[in-house]
Amino acid sequence: MGRRAGRLAGHRVKDVRLTHIGGPTVLIEVHGWRLLTDPTFDAPGRRYSFGWGTSSRKLTGPAITAADLGPIDAVLLTHDHHADNLDDAGRALLPTADTVVTTASGASRLGNARGLAPWASTRLDKPGHPSIEITATPCRHGPPLSRPITGDVIGFALHWDGQDHGALWISGDTVLYDGVREVAARVEVDLALLHLGGVRFPITGPLRYTMTAADAVDLCRHLRPRTVVPVHYEGWQHFHQRRAAVEQAFAAAPDVGALVRWLPLGTDA
């Protein structure tokens, strides 16, 4: 299977290569490191339960199969308990990665992972490669008081020597709330991978479980990243804001919309 990658370099994001595989799954290549976010590699068509009466059907498969992906140094897993961020094929891939970094509760379930609480850090080291510091950032995967139901989620801020304009930040599945706004106060962000989709379910009506495009515009005005890459907006039935809606919201906010870069899904027919 062929592959296209979105290359973000030069004055925006130095030495970073991104490939959007689908949903929240992105391959990040930087200085010889190969990092994978939220692996989802199942075929489309199946319905998955998310608990408490919620469920969703996967509509599209990955643009690159797990078998074609190549070696992975680390998986950055925002949470392990929802199939749109870790499905069966993604879970089977975890033991092949050198390191898995996820929530503290997720690490206890997975057994062979580094668990981080919000604002805790860990470091990736490999001979001949620059170290990467990974700092967990806060998420809330739903409305106030929903954490006991929706579970723990984290984002990731990645730092390495030679960054000109700040961190690469992965928001994780989260609504916009004070914990996410805190990132703007504590982290200089060059590139932001924003999990969008405006997730909601029929059983819980208008309640949202991830950011909408309007939330992303609001956040970016506080965060002031140099580049914004939307992910987690396609491929699943419960994603209620697809690319067209996101583009419309950013187009109405040209100060932020000029920062957005869309990555093609990484496959050639």
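So, here's what we can say about the structure. Because the structure is a prediction, the values reported are computed rather than measured.

**Quick notes on the overall build of the protein**
When you go through the protein residue by residue, the secondary structure sums to seven helices and 15 strands. With the C-alpha coordinates of the protein rotated into their principal frame, the extents come out at 50 × 40 × 40 Å. When the 269 residues of the protein are sorted by exposure, 54% land in the buried category. Counting every atom, the protein has about 10900 Å² of accessible surface; 52% of that belongs to carbon and sulfur. Positive and negative side-chain charges in the protein, numbering 28 and 27 respectively, have mean positions lying 4 Å apart.

**Side note on the packing of aromatic side chains**
Under the criterion given, the structure shown has five aromatic pairs. On the basis of an interplanar angle of 50° and a centroid distance of 6.3 Å, the ring pair of Phe50 and Trp236 is categorised as tilted. Of this pair, Phe50 sits in strand β5 (residues 47-51) while Trp236 sits in the loop between β15 (227-231) and α6 (243-251), placing them 186 residues apart in sequence. Considered together, Phe50 and Trp236 belong to a single accessibility category, that of buried residues. A ring pair is formed by Tyr233 and Trp262, whose centres lie 5.2 Å apart and whose planes are at 90°; its orientation type is edge-to-face. Of this pair, Tyr233 sits in the loop between β15 and α6 while Trp262 sits in the segment after α7 (254-257), and the two are 29 residues apart along the sequence. Put simply, the rings of Tyr48, Phe50, Phe201, Tyr209 and Trp236 touch in pairs and so form one group of aromatic residues. We note Lys126 situated over the ring of Trp33; from NZ or CZ to the ring centre the distance is 5.0 Å.

**Side note on the sheet that holds strand β14 (residues 189-195)**
Spatially, six strands are ordered β10-β11-β12-β13-β14-β15 in an open sheet, and the strand pairing comes out mixed. The open sheet has two free edges, formed respectively by β10 (121-124) and β15, since each of these has just one partner strand. Strand-to-strand, the axes of this sheet are offset by a mean angle of 20°, without reference to chain direction. Pairing analysis gives seven bridges linking strand β11 (residues 132-138) to strand β12 (residues 154-160), with the strands arranged antiparallel. Within the sheet, the bridge partner assigned to Ile132 lies in β12 and is Trp160. Relative to the sheet, helix α4 (residues 178-186) contacts β11, β13 (167-170) and β14, its axis offset from that of β11 by approximately 140°. Taken strand by strand, helix α5 (residues 213-223) contacts β13, β14 and β15, and its axis lies near 165° from that of β14.

**Things to note about the pattern of salt bridges**
A complete count under the given rule lists 13 salt bridges for this structure. Among the ionic pairs, Arg109 bridges to Asp80, the shortest N-O distance being 2.6 Å. Taken together, the residues Arg109 in helix α2 (residues 104-110) and Asp80 in the loop between β7 (74-76) and α1 (88-93) connect sequence positions 29 residues apart. A salt bridge links Arg243 to Glu247, with the shortest nitrogen-to-oxygen separation between them at 2.9 Å. A residue pair is termed a helical-turn pair when its members lie 3 or 4 positions apart in one helix, as Arg243 and Glu247 do in helix α6 at four residues. The class of Arg243 is partly exposed, set by a relative accessible area of 35%. Using a relative accessible area of 34% as the deciding quantity, one classes Glu247 as partly exposed. Linked through salt bridges whose partners overlap, the residues forming this network are Arg17, Glu29 and Arg34.

**Observations concerning the environment of Val75**
The residue Val75 is located in strand β7 in this model. C-alpha separation for the pair Val75 and Val101, spaced 26 residues apart in sequence, amounts to 6.2 Å. Setting aside its immediate chain neighbours within four residues, Val75 contacts Leu36, Pro39, Leu93, Leu94, Ala97, Thr99, Val100 and Val101.

**Considerations on the pairing of β5**
When β5 meets strand β6 (residues 54-57), the two strands line up antiparallel, connected through four bridges. Paired with Gly51 across the strands is Thr54, a residue of β6. Counted between consecutive antiparallel strands, the loop separating β5 from β6 contains two residues, among which Trp52 sits at a positive phi close to 55°.

**Some points on the environment of Leu93**
Inspection of the secondary structure puts Leu93 in helix α1. The sequence separation of Leu93 and Thr40 amounts to 53 residues, and the corresponding C-alpha distance is 9.5 Å. Once residues lying within four places of it in the same chain are set aside, the contact partners of Leu93 are Leu36, Pro39, Phe41, Ala66, Leu69 and Val75.

Calculation rules
Residues numbered from 1 in each chain as written. Predicted model: local features only at pLDDT ≥ 70, side-chain atom pairs only at ≥ 80, totals over all residues. Heavy atoms only, no water. Helix = DSSP H or I, 4+ residues; strand = E, 2+ residues; numbered from the N terminus. Buried < 20%, exposed > 50% of the residue type's maximum accessible area, 1.4 Å probe, protein only. Areas by Shrake-Rupley, 256 points an atom, 1.4 Å probe, with all protein chains shown as cover. Lys, Arg positive; Asp, Glu negative; His and termini not counted. Charge placed at Lys NZ, Arg CZ, Asp CG, Glu CD. Phe/Tyr/Trp six-rings, centres within 6.5 Å; stacked < 30°, edge-to-face > 60°. Lys NZ or Arg CZ within 6 Å of the ring centre and 35° of its normal. Pairing = 2+ DSSP bridges. Axes fitted to C-alpha atoms, helices over the stretch in contact; angles between N-to-C directions. Contact = heavy atoms within 4.5 Å. Salt bridge = Lys/Arg side-chain N within 4 Å of Asp/Glu carboxyl O.

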